[in-house]
Amino acid sequence: MIAIGCDHGGFTLKSTIIKYFDENRIKYKDFGCFNTESVDYPDIAQEVCKSIVSGECESGILVCGTGIGMSIAANKIKGIRAACCSDTFSAKLTKEHNDSNVLCIGERVVGQGLAIMLVENFLNAKFEGGRHLARVEKLEK
Ligand code: RB5
């Protein structure tokens with residue numbers, strides 16, 4: 001199960017990503033927001049990240065205007081490794097090397113087609129372990 005959330009600045013892109021999930025039968029839980037009325041991104045980030053730390057969801061997608069506020073908020077939560085990406089190489093490598101469990105995207109930064117490719121690269125990548133494991137463990141200490 002993929003957790004997904006956004007603030008008002010990411011609502012349109014979140015809707016596009018959810019359409020992609022529906023079309024590809026990818027299971028997700030939508031933590032809002034559900035329209036373009038103003039909300040505070042730390043509140044949404046916290047709900048999405050709690051669902052990952054608890055084990056309810058395996059990873060998460062957070063969307064705001066830049067992706068930056070969401071990534072700062074998500075990375076405050078123990079057990080979360082969030083990466084704000086706007087290129088497919090980073091979206092893939094952050095899972096392979098950093099074992100990132102949250103991808104943050106900026107609706108005002110990337111187009112919708114690229115955003116879907118970011119999501120695909122992130123979700124389809126696998127943590128490589130090996131030399132990266134000790135580094136990720138240090139992040140958690
Ligand atoms: C909201 O206007 C905007 O600040 C937010 O979506 C995000 O870009 C914050 O990092």
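This is a predicted model, so every value here is computed, not measured. (Residues numbered from 1 in each chain as written. Predicted model: local features only at pLDDT ≥ 70, side-chain atom pairs only at ≥ 80, totals over all residues. Heavy atoms only, no water.)

J.: How should the packing of helix 4 (residues 88-98) against helix 6 (residues 131-140) be read in this particular structure?
T.: In helix packing, the relevant descriptors are the interaxial angle and the interaxial distance, both defined with respect to the helix axes. Two elements in contact, helix 4 and helix 6, have axes whose closest approach is 8 Å; the angle formed by their N-to-C orientations is 85°. Considering their axes alone, helix 4 and helix 6 lie roughly perpendicular with respect to each other. Contact with helix 4, carried on its side by Glu-96, His-97 and Asn-98, involves Arg-131, His-132 and Val-136 of helix 6 and no other residues of that element. Counted by class, the contact of helix 4 with helix 6 contains 1 nonpolar, 3 polar and 2 charged residues. (Axes fitted to C-alpha atoms, helices over the stretch in contact; angles between N-to-C directions. Helix = DSSP H or I, 4+ residues; strand = E, 2+ residues; numbered from the N terminus. Parallel < 35°, antiparallel > 145°, perpendicular 65-115°, else oblique. Contact = heavy atoms within 4.5 Å. Nonpolar A, V, L, I, M, F, W, Y, C, P; charged D, E, K, R; others polar.)

J.: Mind showing me how you'd approach the packing of aromatic side chains here?
T.: Enumeration according to the criterion identifies 2 aromatic pairs in this entry. Look at Tyr-20 and Phe-21: their rings are 6.0 Å apart centre to centre, the planes differ by 50°, and that puts the pair in the tilted class. The exposure classification of Tyr-20 matches that of Phe-21, with both residues buried. Members of the aromatic cluster, each reached through a chain of ring pairs, are Tyr-20, Phe-21 and Tyr-28. Between Lys-95 and the ring centre of Phe-122, over which it is positioned, the NZ or CZ distance is 4.5 Å. (Phe/Tyr/Trp six-rings, centres within 6.5 Å; stacked < 30°, edge-to-face > 60°. Buried < 20%, exposed > 50% of the residue type's maximum accessible area, 1.4 Å probe, protein only. Lys NZ or Arg CZ within 6 Å of the ring centre and 35° of its normal.)

J.: What should I look at first to understand the site of the ligand in this one?
T.: Neighbouring residues of the ligand: Asp-7, His-8, Tyr-41, Cys-64, Gly-65, Thr-66, Gly-69 and Arg-108. When the ligand sits alone it has 290 Å² of accessible area, and the protein chains cover 73% of it. Per-class residue counts for the shell around the ligand are 2 nonpolar, 4 polar and 2 charged. (Near = heavy atom within 4 Å. Areas by Shrake-Rupley, 256 points an atom, 1.4 Å probe, with all protein chains shown as cover.)

J.: I keep staring at the sheet that holds strand 5 (residues 102-106) and nothing clicks. Help me out?
T.: Either a parallel or an antiparallel arrangement is found when strands of a sheet pair, and the pairing is made through backbone hydrogen bonds. Sheet architecture is open: 5 strands sit in the order 2-1-3-5-4, paired in parallel fashion. The open sheet terminates on both sides in strands that have one partner only, identified here as strand 2 (28-30) and strand 4 (82-84). Adjacent strand axes in the sheet meet at a mean angle of 20°, parallel and antiparallel pairs treated alike. Relative to strand 5, strand 4 runs parallel, the two sharing 3 bridges. Bridge pairing links Cys-84 to Cys-104 in strand 5. Helix-sheet contacts for helix 1 (residues 11-23) involve strand 1 (2-6), strand 2, strand 3 (59-64) and strand 5, and the interaxial angle to strand 1 is about 155°. (Pairing = 2+ DSSP bridges.)

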